[in-house]
Amino acid sequence: MTIEMLYSKIHRATVTDANLNYVGSITIDQELMEAARMRVGQKVEILNINNGERFSTYVILGERGKRDICLNGAAARKVHKGDKIIIVAYATYDEKDLETYKPKVVLVDDNNDIEEILESI
């Protein structure tokens, strides 16, 4: 049996831009991506804390150190600059994998600087 579980998340990131005229996706700073073990092209769920919107998109690489969190294309309609969001990635695990299961949770401040990285929910 396999079970879909939380793989990683970036918690309470601040949206730095919303670009309607860009080909869709979410741009995430490379350091944040690495901390959360996210990959370019990976499907993620976006949870907007400000307005309750929940939607899916995929990750594109942002410039290291700029702390960009930018929603692009149609997703730009679901956020505003300054909104707080949670970026969630899931993975499918088998029961043996769950014996050592440790999702990454990256906590960030208002400037999208990493405050803490947890290996638990």
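Residues numbered from 1 in each chain as written. Predicted model: local features only at pLDDT ≥ 70, side-chain atom pairs only at ≥ 80, totals over all residues. Heavy atoms only, no water.

### Some points on the packing of aromatic side chains
The full count for this structure, using the stated rule, is one aromatic pair. Between Tyr 93 and Tyr 101 the ring centres are 5.1 Å apart and the planes differ by 75°, which places this aromatic pair in the edge-to-face class. By relative accessible area, Tyr 93 is classed as buried at 14%. Over the ring of Tyr 7 we find Arg 37, and its NZ or CZ is 4.8 Å from the ring centre. (Phe/Tyr/Trp six-rings, centres within 6.5 Å; stacked < 30°, edge-to-face > 60°. Buried < 20%, exposed > 50% of the residue type's maximum accessible area, 1.4 Å probe, protein only. Lys NZ or Arg CZ within 6 Å of the ring centre and 35° of its normal.)

### Section: a nonpolar patch on the surface
Together, Tyr 22, Val 23 and Tyr 58 give the surface a local cluster of nonpolar side chains, amounting to about 320 Å² of exposed area. If you trace the backbone, Val 23 turns up in the loop between β2 (17–19) and β3 (25–29). (Patch = residues over 30% accessible without salt bridge, like charges linked within 9 Å, V, L, I, M, F, W, Y side chains within 5 Å. Areas by Shrake-Rupley, 256 points an atom, 1.4 Å probe, with all protein chains shown as cover. Salt bridge = Lys/Arg side-chain N within 4 Å of Asp/Glu carboxyl O. Helix = DSSP H or I, 4+ residues; strand = E, 2+ residues; numbered from the N terminus.)

### Details of the sheet that holds strand β5 (residues 54–62)
Strand order in the open sheet formed by nine strands is β2-β6-β3-β5-β4-β7-β1-β8-β9, with mixed pairing between adjacent strands. Each edge of the open sheet is held by one strand with a lone partner, namely β2 and β9 (114–118). Direction aside, the axes of adjacent strands within the sheet are offset by 30° on average. Where β3 and strand β6 (residues 69–72) come together, four bridges link them in antiparallel fashion. Across the sheet, residue Ser 25 finds its bridge partner in β6, namely Asn 72. (Pairing = 2+ DSSP bridges. Axes fitted to C-alpha atoms, helices over the stretch in contact; angles between N-to-C directions.)

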